[in-house]
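Residue strings, one per chain:
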Amino acid sequence: VCVCMRVLGFCWCLCTGGWKALQNTIEQFGVDNPLTALIPPLDGVDPDDAFSSVPYEKGSMFLLYLESLVGGEEEFNPFLLAYVNKFQGICLTSGDFRDFLLSFFSEKAAQGVFDEVDWKKWFFEPGMPPFLPKCDQTMADNVKSLAQNIVKVIGDSAASGDTSVLTSKLSADDVKPFSSGQLVELLSLLLLEPSVYSVVGVLDSVYNFSNATHNSEVHFRWLRLGMKGGMRESADGALAFVRRQGRMKFVRPLYRDLFGSDIMRAEAYTVFQEFANFYHPIARNLIVKDYEAAVKASNTQQA
């Protein structure tokens, strides 16, 4: 919808955010795990264990790849409409999708437009897809530049032993022109920088991330960053968040972070037990497994 309305930079947000979500999922599963294939082998596998962002994000990359081959969205959108009209309310396979695509674009198929498509690789091989959509990277570059500057200023502050360097060289004006998508990407980048964790409180005093509670995507990432920095208020915020937000993409990582803390694990599991019926059964089952894994890891470490 946002792409059709030409929301500024949405294609970049879609590509960048989706790509990172897919990378995170594949890292958790393992790059060679067959469950990261678009068509995973499910014989003897609990389907709940296979549930992830892979079909959403890898599938969207595949559709964008096919769209690029036929000449862009103006050529591809009529196919999507015809596909929905033909198959609505019907179960079908990936092979049915492929056959309908080649039939709809029969002239282009005859011209060899789809000859380069490695259907076997796209459908059955695990790991990251072989295609990243090309988008205008201006917004991404602005975010990356600020993230790099924040890390540099943190390094300067550590070298001088003076935390006032942070507040003197960083300003709330840095993020004023940012869209919500850019704020999401900024926090995603900062989550990857361990040097940031020890100064998250100072960063919040500059950028006021903790008050961005109106946007779940931003707030979720801030809570995770705060917890990495050992902020009790972020852990409390995470417990409040999982009481009112049931989406697995949010609650499972937050619970996983909380379970990873010896201090917060018991309290977090108590909250989970209280609100378990609020979550989707798949989320509920996977969170229990995350808790059991965290307990086992903690016991192993203490042994």
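Worth saying up front: this structure is predicted, and the values here are computed from it rather than measured.

## Overview of the nonpolar core
Ranked by internal contacts, the top residues of the largest apolar core, which has 31 residues, are I150, L170, L186, Y207 and L225. Mapped by element, the contributors of at least two residues to this core are α8 (138-160), α9 (164-169), α10 (180-190), α11 (194-197), α12 (200-207) and α13 (216-228). Of all hydrophobic cores here, the second largest spans 28 residues; its members include A238, Y269, Y279 and I282.

## Some words on the packing of aromatic side chains
Going through the model one piece at a time under the given rule, you end up with 36 aromatic pairs. Seen from their ring centres, W119 and F123 are 5.8 Å apart, and the 50° between their planes marks the pair as tilted. Here F123 and W119 lie together in helix α7 (residues 119-124), a separation of four residues that amounts to about one turn. The exposure class assigned to W119 is buried, which follows from its relative accessible area of 15%. Cluster of aromatic residues (ring-pair linked, three or more members): F76, F79, Y83, F87, F97, F100, F104, F105 and F114. If you follow K86 out to its NZ or CZ, it ends over the ring of F87, 5.6 Å from the centre.

## Concerning the packing of helix α4 (residues 73-87) against helix α5 (residues 94-104)
Angle between the axes and distance between the axes are the two parameters that describe a pair of packed helices. Between α4 and α5, the least distance of the axes is 11 Å, while the angle of their chain directions is 130°. With respect to α5, the element α4 is oriented oblique. Between α4 and α5 lies a crossing of right-handed hand. Every residue of α5 that contacts α4 at F76, P78, F79, A82, Y83, K86 and F87 is listed here: D96, F97, F100, L101 and F104. Looking at the contact of α4 with α5, its residues break down into 10 nonpolar, no polar and two charged.

## Topic: helix α16 (residues 265-275)
Among the residues making up α16, those that are buried are R265, A268, Y269, V271, F272 and F275. Down the axis of α16, the buried side of the element spans an arc of 160°, and every buried residue falls inside it. Exposed residues on α16 whose side chains face more than 90 degrees from its buried face are A266 and E274. Residues of α16 that are buried in the fold lie against α14 (232-244), α15 (248-259) and α17 (281-302).

Thresholds applied
- Residues numbered from 1 in each chain as written.
- Predicted model: local features only at pLDDT ≥ 70, side-chain atom pairs only at ≥ 80, totals over all residues.
- Heavy atoms only, no water.
- Core = buried A, V, L, I, M, F, W, Y, C linked by side-chain atoms within 4.5 Å.
- Buried < 20%, exposed > 50% of the residue type's maximum accessible area, 1.4 Å probe, protein only.
- Helix = DSSP H or I, 4+ residues; strand = E, 2+ residues; numbered from the N terminus.
- Phe/Tyr/Trp six-rings, centres within 6.5 Å; stacked < 30°, edge-to-face > 60°.
- Lys NZ or Arg CZ within 6 Å of the ring centre and 35° of its normal.
- Axes fitted to C-alpha atoms, helices over the stretch in contact; angles between N-to-C directions.
- Parallel < 35°, antiparallel > 145°, perpendicular 65-115°, else oblique.
- Left-handed = near helix turned anticlockwise from the far one by under 90°.
- Contact = heavy atoms within 4.5 Å.
- Nonpolar A, V, L, I, M, F, W, Y, C, P; charged D, E, K, R; others polar.
- Arc of directions from axis to C-beta.

Take it as geometry only, folks, not as evidence of what the structure does.
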